[in-house]
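# Topology and contacts: notes
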Amino acid sequence: MFKISDMMEKEVVNINNGKKLGFINDIELDMGEGRIRSLIIVNEGSRGYLLSRGEACSISWNNIIKIGHDMILVKIDQQVDFNDIDI
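Residues numbered from 1 in each chain as written. Predicted model: local features only at pLDDT ≥ 70, side-chain atom pairs only at ≥ 80, totals over all residues. Heavy atoms only, no water.

## Some thoughts on the nonpolar core
If you look at the biggest cluster of nonpolar residues, it comprises 13 residues, and the most contacted ones within it are Ile-41 and Val-74. Those elements that place two or more of their residues in this core are strand S2 (20–30), strand S3 (35–42), strand S4 (55–60) and strand S6 (71–74). For this core, the element with the most residues is S3, which contributes three residues. (Core = buried A, V, L, I, M, F, W, Y, C linked by side-chain atoms within 4.5 Å. Buried < 20%, exposed > 50% of the residue type's maximum accessible area, 1.4 Å probe, protein only. Helix = DSSP H or I, 4+ residues; strand = E, 2+ residues; numbered from the N terminus.)

This is the structure:
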């Protein structure tokens, strides 16, 4: 079991290319099914600014491979578009 606040401290890394995507800023919940739908990832340059308008993207829960002690490994075949979501 883990807390969302613990997940937000872990860096998200794409295992396909080893690229560090950033950190979790938010989550999308499916209230009907009671599960996490996706993670909202903030670009590394935007981290830590609560009121800033950074760039973010949505990573589907199905793309998560492993939640480790220090990082979250995801598998994404296409390039991540950080203009996908405004935060």
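## Some words on the pattern of salt bridges
For the coordinates displayed, the defined rule picks out one salt bridge. Here Glu-33 ties to Arg-35 by a salt bridge, and the two come within 2.9 Å at their closest N and O atoms. A relative accessible area of 56% means that Glu-33 is categorised as exposed. (Salt bridge = Lys/Arg side-chain N within 4 Å of Asp/Glu carboxyl O.)

## Observations regarding the confidence of the model for the protein
The pLDDT averaged across the protein works out to 81; a share of 76% of its residues lies at or above 70. Mean pLDDT across the elements of the protein ranges from a minimum in strand S7 (residues 85–86), with 48, to a maximum in S6, with 95. (pLDDT = per-residue confidence, 0-100.)

## Some thoughts on the pairing of S2
Of the pairings in the sheet, the one linking strand S1 (residues 11–14) to S2 comprises three bridges and is antiparallel in character. Across the sheet, Glu-11 pairs through a bridge with Phe-23, a residue of S2. Counted along the chain from S1 to the antiparallel partner S2, the turn is five residues long, and its residue Gly-18 has a positive phi close to 75°. Of the strand pairs in this sheet, S2 and S3 are connected by seven bridges, and their pairing is antiparallel. (Pairing = 2+ DSSP bridges.)

## Concerning the side chain of Asn-14
Looking at the element boundaries, Asn-14 is found in strand S1. Polar side-chain contacts of Asn-14 include one of 3.1 Å to the backbone nitrogen of Asn-16. Ignoring any residue separated from it by four or fewer positions in sequence, one finds Asn-14 in contact with Lys-19, Leu-21, Val-74, Lys-75 and Ile-76. (Polar contact = N/O pair within 3.5 Å; in protein donor to acceptor, adjacent residues only side chain to side chain. Contact = heavy atoms within 4.5 Å.)

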